[in-house]
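These are the residues of each chain, in order.
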Amino acid sequence: MTALFASESYRRLLLPVTAALIGLLANQLNSAAQKPNPIAGGDEIVELNLSGTVKVTTLLDLMSKQLGIRFLHGTDVARRDVTVYTPARLPKKVLPTLLGSLLREANLAVVDSEVPGWKRVVDIADIVSTAPAGNAEEISRRNGPAAAVTQVLPIKFIDVTTASTSLKPFLSKDGSNIVSLPEQRVLIVSGYAADVRLVAELLAMIDRPDAEGTIQFYETRRRPPSMLIDQYESIQGVDAKTKNATDPAPKLLVDSTGRRVVVAGRKDVVTAAIDLLE
């Protein structure tokens with residue numbers, strides 16, 4: 001009888017404690033459910049709920065909610081579609097890059113609006129008239145891969161017309177433009193900021209006082225161009241450590257066809273790089 005009374009007393013004492021623990025656990029679970037989902041490294045992940053072909057307006061509405069940016073666009077943009085094949089759950093930090101890539105596929109560009117907090121989405125054909133003047137690297141970082149820009153590139157040594165002809169293939173065929181002004185020794189380049197930034201980098205490689213700068217193409221045979229570039233950079237990294245090389249490294253990238261390696265830099269260094277790719 002005494003044992004039974006003790007058991008009853010224990011249960012009465014335990015009930016409030018148990019209820020309190022259950023309430024605390026429920027609050028923690030509810031709080032966790034309301035917080036953004038973290039992934040490794042503390043990055044927030046979001047669910048897109050997009051797959052297949054969707055309207056550009058649907059994409060913009062979703063990105064607007066996730067990024068806190070509002071978009072202005074015309075009726076022509078509203079009629080366009082994009083195709084989305086991505087995981088449903090993505091790190092939030094990659095959304096600007098994803099949005100820019102999808103808009104580029106639809107031949108659309110992003111420019112700053114006159115209204116703070118708003119961006120304008122325009123057809124690529126309107127880039128020349130709508131792209132703001134500025135630094136391509138900075139604008140690309142701010143507005144993503146579909147950002148548009150007009151940048152003035154001064155030329156110090158090489159022929160301006162030759163530079164324009166050599167660099168034009170690295171811009172998008174639609175909407176982008178290079179205007180050469182030989183008397184002022186400048187190029188005015190309009191297009192996607194990522195493309196304009198690449199043009200600026202290539203110009204820096206070939207605009208040399210000794211006129212020894214060049215851009216050459218290597219046609220790959222069996223391996224993908226990106227694999228060859230990775231192997232070249234790996235070999236060069238080892239050589240730089242063992243030989244303490246001081247020669248300026250060439251710039252290697254995959255051209256727009258996806259079948260060739262572009263090599264830019266001083267002629268002898270470019271020739272050596274192509275020999276190594278062989």
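Sequence positions are assigned chain by chain, starting from 1 and proceeding in written order. Given that the model is predicted, a residue must reach a pLDDT of at least 70 before its local features are reported, and side-chain atom pairs must reach 80 or more before they are shown or counted; all residues, however, enter totals for whole chains, interfaces and linings. Computation of side-chain values covers all heavy atoms of the structure but excludes hydrogens and water.

Enquirer: Just checking my understanding: could you explain the overall build of the protein chain for this structure?
Expert: Only DSSP runs of H or I reaching four residues or more are called helices, and only runs of E reaching two or more are called strands; each is numbered from the N terminus. Scanning the protein chain from N- to C-terminus turns up 10 helices and 14 strands. Each residue's exposure class comes from its accessible area (1.4 Å probe, protein chains only) as a fraction of the maximum for that residue type: buried when under 20%, exposed when over 50%, partly exposed otherwise. Counting all 278 residues of the protein chain, 37% fall into the buried class. Long-range pairs, those at least 24 residues apart, make up 64% of the contacts in the protein chain with a sequence separation of at least 6. Each accessible area is a Shrake-Rupley estimate made with a 1.4 Å probe; only the visible protein chains count as cover when residues are assessed. Surface exposure of the protein chain reaches about 16400 Å², of which carbon and sulfur atoms provide 55%. In this description, contact between two residues means that some pair of their heavy atoms is separated by no more than 4.5 Å.

Enquirer: When you look at the sheet that holds strand S14 (residues 260-266) in this model, what are you seeing that I'm missing?
Expert: Within a sheet, adjacent strands bond to each other through the backbone by hydrogen bonds, running parallel or antiparallel. A pair of strands is labelled paired if DSSP reports no fewer than 2 bridges between them. Taken in spatial order, the three strands of this open sheet run S12-S14-S13, and their pairing is antiparallel. If you trace the sheet from one side to the other, it starts and ends with strand S12 (213-219) and strand S13 (251-254), each paired once. Sheet twist, expressed as the mean angle between neighbouring strand axes with direction ignored, is 20°. Alignment of S12 against S14, held across seven bridges, turns out to be antiparallel. Residue Thr 214 lies in a different strand from S14, and its bridge partner there is Gly 265. Contacts from helix H8 (residues 193-206) reach S12, S13 and S14 within the one sheet, and its direction differs from that of S13 by about 145°. Each axis is a line fitted through C-alpha atoms, taken for helices only over the stretch in contact, and angles between the N-to-C directions span 0 to 180 degrees. Its contacts with the sheet place helix H10 (residues 267-277) against S12, S13 and S14, and it is angled at close to 150° to S14.

Enquirer: What am I meant to see in unusual backbone geometry here?
Expert: Generally, phi is negative for residues other than glycine and the peptide bonds are trans, each holding for most cases. Phi at Asn 107 is positive, roughly 60°, even though this residue is not glycine. With respect to the secondary-structure elements, Asn 107 resides in the loop between helix H4 (95-105) and strand S7 (108-112). Residue classification places Asn 107 among the partly exposed positions, given a relative accessible area of 33%. Despite not being glycine, Arg 185 has its phi angle at roughly 55°, a positive value. Counting through the fold element by element, Arg 185 comes out in the loop between strand S10 (177-181) and strand S11 (186-192). When its relative accessible area of 29% is taken as the criterion, Arg 185 is described as partly exposed.

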